[in-house]
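Each chain is listed here by its residues.
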Amino acid sequence: MRRQLIAGNWKMNTNRASAAALAEGVAKAAASITDADLAVSPPSCYLETVGKALRGSRVALGAQNMYFEKDGAFTGELSAAMLVDLGCKYVILGHSERRHIFGEDDPLINKKVLAALAAGLAPIVCLGELLADREAGRTEQVVRTQFDGSLAGLTPEQICRVVIAYEPVWAIGTGRTATPQQAEEVHLILRRLLVDKYNGEAANRVIIQYGGSVKPDNAVELLGQPNIDGALVGGASLKVEPFLGIVAGRKR
Ligand code: 13P
């Protein structure tokens, strides 16, 4: 069985003190969890603080974004090497908020994915359809285009170091979760794309998370699906109890 990954995306929330306290709380509560991988992604200005709070724990550090260039005149941006320097293992790329609020497209996300991999980071690459896409029956087409574009040019070895997060945009922060069947259907499409584009072994190994209003009370059903290998959690990752409640819902 693939090792599940449950990751918190804190988005633009917390402050220095609350980020440290939340990280310490998650680290402590996660001490006994050995059958799944856990990570938290604080705002970039608290990566160092949270990294310190997580030191020696079972919880990995992730960033929420990065730029693809190595260094230079890119005001406001962070490089992959900077994230590695801060102790990050993961970086979330192509999140729907980056795509739809900040206008990131697949070619840009692809450059970021390649730069993250080159630096030794594990990119968590997000994709998912808008409500209008789903209602028009375009879900498969949209996720296929995002998959092909944001993951272009990766070798089978590289794809195995990528985590894919299926996050239907209409389910993010809305309390409206995809049903386990709706989510599993798309995860299966993604798994088949991995077979077609890479090979069976890679398809078997790649972790595909679900994200979008995951809560303790829907985690068991969602995470119980055969092709759902964990969760990318927004709102419910901002407190220790619901986040660990989701972790408790993992497949065993
Ligand atoms: P919510 O869990 O708040 O819906 O956010 C999901 C998400 O965007 C995680 O990246």
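Throughout this document, residue positions are counted from 1 along each chain, in the order its sequence is written. Since the coordinates come from a predicted model, pLDDT governs what is reported: local features require at least 70, and pairs of side-chain atoms require 80 or more to be given and counted, while whole-chain, interface and lining totals use all residues. Computation of side-chain values: all heavy atoms of the structure, hydrogens and water removed.

A. View of the site of the ligand. All residues adjacent to the ligand are Asn-9, Lys-11, His-95, Glu-167, Ala-171, Ile-172, Gly-173, Gly-212, Ser-213, Leu-232, Gly-234 and Gly-235. By the criterion applied in these results, polar contacts are pairs of N or O atoms within 3.5 Å in which, for protein atoms, one can donate a hydrogen and the other can accept it, and in which residues neighboring in sequence qualify only through two side-chain atoms. Side-chain polar atom of His-95 to an oxygen atom of the ligand: 2.8 Å apart, as the coordinates give it. One of the backbone nitrogen or oxygen atoms of Gly-173 is found 2.6 Å away from an oxygen atom of the ligand. Here, proximity means that at least one heavy atom of the residue falls within 4 Å of the molecule or strand.

B. Broad picture of the sheet that holds strand 3 (residues 59-63). Following DSSP output, two strands are said to pair if at least two bridges run between them. Counting from the N terminus, the helices are the DSSP runs of H or I reaching at least four residues and the strands are the DSSP runs of E reaching at least two. Pairing in this closed barrel of 8 strands is parallel, and the strands run 1-2-3-4-5-6-7-8 around the ring. Across the sheet, the mean angle separating the axes of adjacent strands is 25° when strand polarity is ignored. The sheet contact formed by strand 5 (residues 122-127) and strand 6 (residues 163-166) spans 4 bridges and is parallel. Residue pairing across strands places Val-125 opposite Ile-164, the latter belonging to strand 6. Note on method: axes are straight lines fitted to C-alpha atoms, helices fitted across the in-contact stretch only, with angles between N-to-C directions ranging 0 to 180 degrees.

C. Summary view of helix 1 (residues 16-29). With 14 residues, helix 1 ought to run about 20 Å at 1.5 Å a step, and its terminal C-alpha atoms sit 20 Å apart, in line with that. Taken together, the buried positions of helix 1 are occupied by Ala-19, Ala-20, Leu-22, Ala-23, Val-26 and Ala-27. Take helix 1 and look down its axis: the buried residues cluster within an arc of 165°, on one side only. Residues Ala-17 and Lys-28 are exposed on helix 1 and point more than 90 degrees away from its buried face. On its buried face, helix 1 is in contact with strand 2 (36-41), helix 2 (47-54), strand 3 and helix 12 (240-248). The residue sitting at the N-terminus of helix 1 and contributing the capping side-chain oxygen is Asn-15; that oxygen lies 3.1 Å from the backbone nitrogen of Ala-17. Expected helix span is taken as 1.5 Å per residue step, with the number of steps being one fewer than the number of residues. Between buried and exposed lies partly exposed: a residue is buried under 20% and exposed over 50% of the maximum accessible area for its type, with that area taken using a 1.4 Å probe on protein chains only. The directions from the helix axis to the C-beta atoms are what the arc is built from. Contact criterion: two residues are considered in contact whenever any of their non-hydrogen atoms come within 4.5 Å of each other.

D. Quick peek at the pattern of salt bridges. Put simply, a salt bridge is a Lys or Arg side-chain nitrogen that is within 4 Å of an Asp or Glu carboxyl oxygen. Scanning all chains against the criterion turns up 14 salt bridges. Across the salt bridge formed by Arg-2 and Asp-229, the nearest N and O atoms sit 3.0 Å from each other. Placement of the pair is Arg-2 in the segment before strand 1 (4-9) and Asp-229 in the loop between helix 11 (216-223) and strand 8 (230-233), with a sequence separation of 227 residues. Accessibility expressed as a relative area gives 2% for Asp-229, which makes it buried.

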